[in-house]
Each structure stands twice: as structure tokens, then as C-alpha cells.
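The primary structure of each chain is shown beneath.
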Amino acid sequence: MTRRILILAHTGREESMLAALEACVELHANNMVPVMYAEELADLTGYLGVSGVKMEILDQDVTLSDIELVMVLGGDGTILRAAEIVRDFDVPLLGVNLGHVGFLAESEREDLIQTVSAVVERKYTVEERMCLDVLVKVAGKVVAHTWALNEVAIEKGNRERMIEVVTEVDGRPLTSYGCDGVVMATPTGSTAYAFSAGGPVVWPGVEALLMVPISAHALFAKPLVVSPSSKMAVEVLTRTGANGVIWCDGRRTVDLLPGARIEVTRSGKPVKLARTQQSPFSERLVRKFELPVQGWRGPTTDVVEPPTTQLPIIKPAKPRSAVEGHPAGPVPQVPDLRVPPQQGDYLGTTSFYPEERK
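Figured I'd write up the structure that's included with this text. (Residues numbered from 1 in each chain as written. Predicted model: local features only at pLDDT ≥ 70, side-chain atom pairs only at ≥ 80, totals over all residues. Heavy atoms only, no water.)

## Considerations on the environment of T191
Summarising the element assignment, T191 is placed in the loop between β13 (181–185) and α5 (193–196). T191 gets classed as buried once you look at its relative accessible area, which sits at 13%. Distance from T191 to R338, taken between C-alpha atoms, is 72 Å for residues 147 residues apart in sequence. Not counting chain neighbours up to four residues away, the residues in contact with T191 comprise F103, V201, F281, L285 and F289. (Helix = DSSP H or I, 4+ residues; strand = E, 2+ residues; numbered from the N terminus. Buried < 20%, exposed > 50% of the residue type's maximum accessible area, 1.4 Å probe, protein only. Contact = heavy atoms within 4.5 Å.)

This is how it looks when you write it as C-alpha cells:
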């Protein structure tokens, strides 16, 4: 059975086209068929010349249903573009970073040959990444229905005026405030726009949704981590008349009029990412952000787990013992506060003192 790999590259960059040609040559040498879009293949051959590698053209020679895997050569933006293409098909993405951080990419440019070899030998696993389902409503009617892999960003439409919003989770309002925007993200997108806005980093294996305000003028405007089954919503208030705009993964946009409502839930259709390395997410976090880890000694190498350490138990202080001996000075007389037997109506404790009787 012929194995076909779709190559998606940022053909506006020389480095990306050179990497695409190298990947195609390596695939062809291992009896696999590289596939490209007609426009990208024309850019590649027009800039680098004819390579002599047999290629097929997507939507002319083959369709996406014939593709085993998509190899994306570029940054996170290129990978997000690839996610739009393959989301409706059962095809995983494998990213090779040619950008800056490239958090969605699995490997770097210098590891391209090893990455292709892993694909040839089928030494890769596939994991599903949660996506967001996005509904935009105006006056109760749906005006847009889209999705996002990283985040849905609601931003102010005019630079000189903030937008007023009210946030909601599970059908209950939380708080309203003026802000530059609100980001609703997946764990995959927690290291993107939501991270820049002050949100937490969420491990990809954690099923959760994030809501992160952007430059909010409010006391209770903190990042929220909610259940994956929750429904998050943001309504653009009308009291300032400010317009907004919604961005999904920085690629798909919808204008928001005052009174618009944005509802975000977990999508039932994930995006599949291929992995050739089984390193933990913490290692990727350190590598991508170049975090300082000097001085780390690591866990011990003890084979047998020691028993629970017996730590001292702190007992509560004992009550004071009875005072011994006699008081040093005169003991004040304690008034008798009992109700006199002959008096039936109770007038209060002060009525027992003769000088206060009326």
C-alpha cells in the first residue's frame, strides 16, 4: 500500500522551502510519496528549480482521505493553518518548528532527517487535542459558528476605547468589567495568548477550559480554570457603545456589535497531533521558554521506597492547673444575681441594686 505524506510549508520563506525539499527527497528515498498543494509546489519549483522527486498534488492526484500524516514545516501559525485543513479528516499533524517558540511543533529544523525517519518507521504516536466550539449570537440569533484549537480572543474594536463585558460560566453571571478583551482557551492554547495575558500554563493532559481577562479594570478579574463540560460566555454590554472583535486562533475573525453574546464550549471534534518524542511536557516547557534549571539535583536513585518517616507529633498545650494557695489581696464580693423568690416579674439585673430602683 502506497504511503503518502502531505507536506505543508510556509513558501514565503526560503528556509521553509529548503526544508520542504529536503523532506520530500528523504521521503521519496524511502519509497514514500510526498504530496503538496499545487500552489506551494509551484512556489517551490519556481524558486529552487525542478528537484526530480516524484510528487503528487492534493485535490488533483489524491485527496486528504489518502494521506497518512501531514508534516508541517513552519511555526505555530503554519500548524494552525494545517489544523483548519485536516480537522474534518482523521489525519494527524506533525510539526517541525521553523519559527520562534513553536510550542505546537514536535521537533526542530536540525532534527528534520530524524523526524522523517520516525515517520518512515512509524515510530510516532497520536494524541488528541481539545478544541473549542464557538457561537456568536446577536438578539438571540446565531450569526457565526466557528471553532478554535488554541483560543477564542474577544478584543476591543477601537484602540481608544475599552469594551464593557459581563462574564458567565454555566449559565450564571460572574462579574462585569471594562477591559481590552477576554481570552477563552484550551490547555493547548494556555501557552499562547492566554499565557501572555497572565493565565496559567495547563498541561495538555488536563481536561479544562480557561477564561483569562486582558487588562481588566476590576478587583475580581482573575484567570479562571473551569470544567471541560462547562459553558463559558461573554456578553458585550451596550452602555459604552464600544464595538468588539473576535479572533479564533488569530486566523478567523467576526465583528461584535454591542449586545453580542459569545458562547464557548468544548468541541466534540478534536485535532490530532503526532508525536515522535515521549518526553514529558515539563521538558518541552523548559526547552521552549529556556527556563533556568541550574542547581537541580533530581530525584534520588533509591530502588526500595522507604517507609513513612515518623515525625514528632505536636500535642496541644495542657490547661492550666488549679491555682494553689490563697489570694494575696481582698476578694471582691460577688453580687447575688438570682431573682428573688417573692418577685414574679423580672426587671433586669440592675433592679436588684437598691440605688438604681425607681
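## Quick look at the packing of aromatic side chains
Under the defined criterion, the tally for this structure stands at four aromatic pairs. Taking the centre distance of 6.0 Å and the plane angle of 45° together, the rings of F103 and F281 count as tilted. Here F281 lies in helix α6 (residues 281–289) and F103 lies in the loop between β5 (93–97) and β6 (107–108), a separation of 178 residues in the sequence. By the burial criterion, F103 is buried, and F281 matches it. Above the face of the W147 ring, R87 is positioned so that its terminal group lies 4.3 Å from the ring centre. (Phe/Tyr/Trp six-rings, centres within 6.5 Å; stacked < 30°, edge-to-face > 60°. Lys NZ or Arg CZ within 6 Å of the ring centre and 35° of its normal.)

## Examining helix α1 (residues 14–29)
Its 16 residues give α1 an end-to-end C-alpha distance of 23 Å, which sits within 8% of 22 Å, the value for a rise of 1.5 Å per residue. Restricting attention to buried positions, one finds in α1 the residues S16, M17, A19, A20, A23, C24 and L27. Buried residues of α1, seen end-on, are gathered within an arc of 160° and therefore sit on one face of the element. Contact partners of the buried residues in α1: β1 (4–9), β2 (33–36), α2 (38–48), β4 (69–74) and α4 (112–120). At the C-terminal side of α1, N31 shows a positive phi close to 60°. (Expected span 1.5 Å × (residues − 1). Arc of directions from axis to C-beta.)

## Some thoughts on α4
Every buried residue of α4 is listed here: L112, T115, V116, A118, V119 and V120. Buried-residue contacts for α4 involve β1, α1, β4, β5 and β6. Looking one or two residues beyond α4, the residue adopting positive phi is R122, at roughly 55°.

## Focus: the side chain of R252
Residue position: R252 is located in strand β18 (residues 252–256). At 3.3 Å, the side chain of R252 forms a polar contact with the side chain of T146. In this structure R252 touches E84, T146, W147, A148, I246 and W247, once residues within four positions along its chain are discounted. (Polar contact = N/O pair within 3.5 Å; in protein donor to acceptor, adjacent residues only side chain to side chain.)

## Brief notes about the side chain of T188
Along the chain, T188 falls in the loop between β13 and α5. With relative accessibility at 8%, the residue T188 sits in the buried group.

## What to know about the sheet that holds strand β10 (residues 151–156)
Pairing in this open sheet of six strands is antiparallel, and the strands run β15-β14-β13-β10-β17-β18 from one edge to the other. A single partner strand is all that each edge strand has here, and the edge strands are β15 (224–226) and β18. For this sheet, the mean inter-axis angle between neighbouring strands, taken without regard to orientation, is 15°. For β13 and strand β14 (residues 209–214), the ladder comprises five bridges, and the chain directions are antiparallel. By the bridge assignment for β14, V183 is matched with V212. (Pairing = 2+ DSSP bridges. Axes fitted to C-alpha atoms, helices over the stretch in contact; angles between N-to-C directions.)

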